[in-house]
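# Inside the fold
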Amino acid sequence: MADKLLIIMVNTDPNNGPELGAPFFQATVAAAMEYDVEIIFTGASGKLAKTGVAENLFVQEGTSKSVYDIMKEAHNAGAKFKVCTPTIELWGDDLIPEVSETVGGAYVISEAMDENTVTFTY
């Protein structure tokens with residue numbers, strides 16, 4: 001049985017708050033279940049790793065909890081946040097403090113192909 005969950009944020013529209021809840025809620029639950037959890041930001045979704053973006057997005061209109069608040073819950077539960085190198089090239093290096101590492105495409109492929117890893121993409 002796999003012991004790691006790899007969430008690749010690549011296709012989710014970073015401007016569409018309702019799309020952003022599921023990956024972070026699932027990361028929080030998996031981390032609470034003591035799985036190793038990594039979220040990798042890349043492509044358009046990589047914009048979420050930029051300071052000031054997720055703070056202004058909301059999964060549900062009228063709530064006071066921002067997408068960034070939900071991201072911090074996942075991080076506090078144990079999920080690790082990483083960005084793929086092209087993300088920095090696209091959106092700059094002003095990243096949220098929860099991002100612990102910059103990784104390349106080879107890292108993403110290696111982790112996704114590992115038999116002990118389950119990969120979700122959003």
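Each value, and the rule that gives it
- Residues numbered from 1 in each chain as written.
- Predicted model: local features only at pLDDT ≥ 70, side-chain atom pairs only at ≥ 80, totals over all residues.
- Heavy atoms only, no water.
- Buried < 20%, exposed > 50% of the residue type's maximum accessible area, 1.4 Å probe, protein only.
- Helix = DSSP H or I, 4+ residues; strand = E, 2+ residues; numbered from the N terminus.
- Pairing = 2+ DSSP bridges.

Quick look at the pairing of strand 1 (residues 4-9) now. Of all six residues in strand 1, six are buried; the element is thus mostly enclosed. Burial along strand 1 is two-sided: the face carrying K4, L6 and I8 and the face carrying L5, I7 and M9 are both buried. Bridge count for strand 1 against strand 2 (residues 36-41) is six bridges, and the pairing is parallel. From the neighbouring strand, M9 faces strand 2, where its bridge partner is F41.

Right, let's get into unusual backbone geometry. Within the chain, E34 stands out as a residue other than glycine whose phi angle is a positive 70°. In this fold, E34 is placed in the loop between helix 1 (21-32) and strand 2.

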